[in-house]
Amino acid sequence: TNIDGPWNAKDVINCSQRFGFGVLTPQERIDVSGFARFNGANGSYLNIGNDGNSKLNSFGSGELLINSESIQNVKICTEPNGGFVEVGGKTILATLRDNVGIRTTTPDVDYALDVNGPIKATALTLNGDPMVNYWTDGGGGSIYTGKRIGINRSGAPNDDLEIGDAFTLHGGPANKWIGYNNFYNSTALENKRINPGFASRMNFGDDGTIIFKTADYDGTAGSTITFKDAMTILNDGKVGIGINPSYQLHVNGDAEFLAGGNTTNGFQIVSNKIPTRRGIRLDPNPAGNFDFYIHKWQDEESFNFLANNETAGTIDNLMSINGNGQIAMGGINYVPTGYVLGVHGKMIATEVVVRTEMNWPDFVFQKDYKLRSLKELNEYISENRHLPDVPTAEEIENSGISVGAILTKQMQKIEELTLYVLELQKQIDELKIK
């Protein structure tokens, strides 16, 4: 039935407790064809109450628009304890006092916004600044600027990743490294110091090579760094210290090997610790002393064995071997020309074999050997004060004596003496007959 009043009959239709505005057959309690407007001086309300769910639906193919033609704000769940906004069967917005949760009904009270899930956005801003250019946690702890990330920093990061004010990570196409107190300046194409002091880094090569680099102290922040290769590890396991290795372990410089951390038990390989020496030092100590030292003089072709004589406070040369194969022992480091072994001091042995190249004096017993007469021998000794063909005392003192030569000469004199004895015996026998 139509309801009488100051409106047209077609505007309000009551049909079985349904009211239609602009429709003849209302489908709900209130069915409006067109626009509805609520206006009041103290505000307008549309209250919906139901013991079940309350719905605000859009029928047909059109969209449900709220405040689409006004610049006024739209507020949802504005009571102090708020309420949840659900879309598609999932809670996407939950408010609790001053906290907002997305996809969670219990937003963390320590955060203004708590999102349960990843966030995807074409653009984000922080305090009006695009976050793709600058991001911080608000406490100076983490910073993102451009394509660089800083953690626990007080300013923008210097490299791809910077932790604190000293440690950096660089992932460039040609150089990949973890550094301390250095960064790569892409404008100057140089390595720079972050702070005054030393610098170091570990480089990773595309072939698996790892290089540890160090740099000396410099007191200027931002100064250019010249690195030295401290240690190199190749992809085949070769390790080089101070050099690109050609061997399983390749060391350019001195090395020390200690037994179980003991600073006095071990040995050193010394390349130039003492300006003109290089070699192996056994049982060294921090004071620079040692028990035994095998070294080579750089300016001489000699290989020396030294010992620390703590009682006398001296370093004794036990033995030297030169490039000619000559061996000197007993505190001397040279051997006279023409000799292979030089010994300063006494020698003892259970047996010594001398192979002489001299003609052994069996020729004395040849029939054509001319033996001096005893008279001639007596005259020679009276005049020269030594046996014929035997070196004098002065010659031996000045030039030494050849063991092989003197043994040969002694044997010659023994054989001559034998001939003298036989001759005397012959004369004695003849005298007995007479």
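Our structure's up above, just so we're on the same page.
Notes on the structure follow. (Residues numbered from 1 in each chain as written. Predicted model: local features only at pLDDT ≥ 70, side-chain atom pairs only at ≥ 80, totals over all residues. Heavy atoms only, no water.)

## Quick notes on the overall build of the protein chain
At step 1: Scanning the protein chain from N- to C-terminus turns up three helices and 30 strands.
At step 2: Per-residue burial over the protein chain gives 21% buried out of 434 residues.
At step 3: Here the analysis covers contacts within the protein chain between residues at least 6 apart in sequence; of these, 17% occur between residues at least 24 apart.
At step 4: By element, 54% of the accessible surface of the protein chain is carried by carbon and sulfur atoms, the whole surface being about 31800 Å². (Helix = DSSP H or I, 4+ residues; strand = E, 2+ residues; numbered from the N terminus. Buried < 20%, exposed > 50% of the residue type's maximum accessible area, 1.4 Å probe, protein only. Contact = heavy atoms within 4.5 Å. Areas by Shrake-Rupley, 256 points an atom, 1.4 Å probe, with all protein chains shown as cover.)

## Some details on a nonpolar patch on the surface
At step 1: A grouping of L56, L64, I66, V74 and I76 is seen on the molecular surface, where their side chains present a nonpolar patch of about 500 Å² in accessible area.
At step 2: Assignment of secondary structure puts I76 in the loop between strand 3 (30–32) and strand 4 (84–87).
At step 3: Of the residues examined, I76 reaches a relative accessible area of 55% and is grouped as exposed. (Patch = residues over 30% accessible without salt bridge, like charges linked within 9 Å, V, L, I, M, F, W, Y side chains within 5 Å. Salt bridge = Lys/Arg side-chain N within 4 Å of Asp/Glu carboxyl O.)

## Section: the side chain of D31
At step 1: The residue D31 is located in strand 3 in this model.
At step 2: For D31, a relative accessible area of 18% translates into the label buried.

## Structural notes on the pattern of salt bridges
At step 1: The final tally for this structure, using the stated rule, is seven salt bridges.
At step 2: The partner of K413 in a salt bridge is E416, with the nearest N and O atoms 3.3 Å apart. Of this pair, K413 and E416 both sit in helix 3 (residues 403–433), three residues apart, which is roughly one turn of the helix.
At step 3: The exposure class of E416 is buried, given its relative accessible area of 9%.
At step 4: Several salt bridges share partner residues, and in doing so they unite D389, K413 and E416 into one network.

## Observations regarding the environment of F198
At step 1: Locating F198 in the fold gives a position in strand 18 (residues 197–204).
At step 2: Of the residues examined, F198 reaches a relative accessible area of 52% and is grouped as exposed.
At step 3: Separated by 16 residues in the primary sequence, F198 and T214 have C-alpha atoms spaced 7.9 Å apart.
At step 4: Among residues more than four places away in sequence, those in contact with F198 are Y180, N181, A215, D216 and Y217.

## What to know about the pairing of strand 19 (residues 210–218)
At step 1: With seven bridges joining them, strand 18 and strand 19 adopt antiparallel strand pairing. Across the sheet, residue N203 finds its bridge partner in strand 19, namely I211.
At step 2: The pairing of strand 19 with strand 20 (residues 228–233) spans five bridges and is classified as antiparallel. In the strand pairing of strand 20, I211 is matched with T232. (Pairing = 2+ DSSP bridges.)

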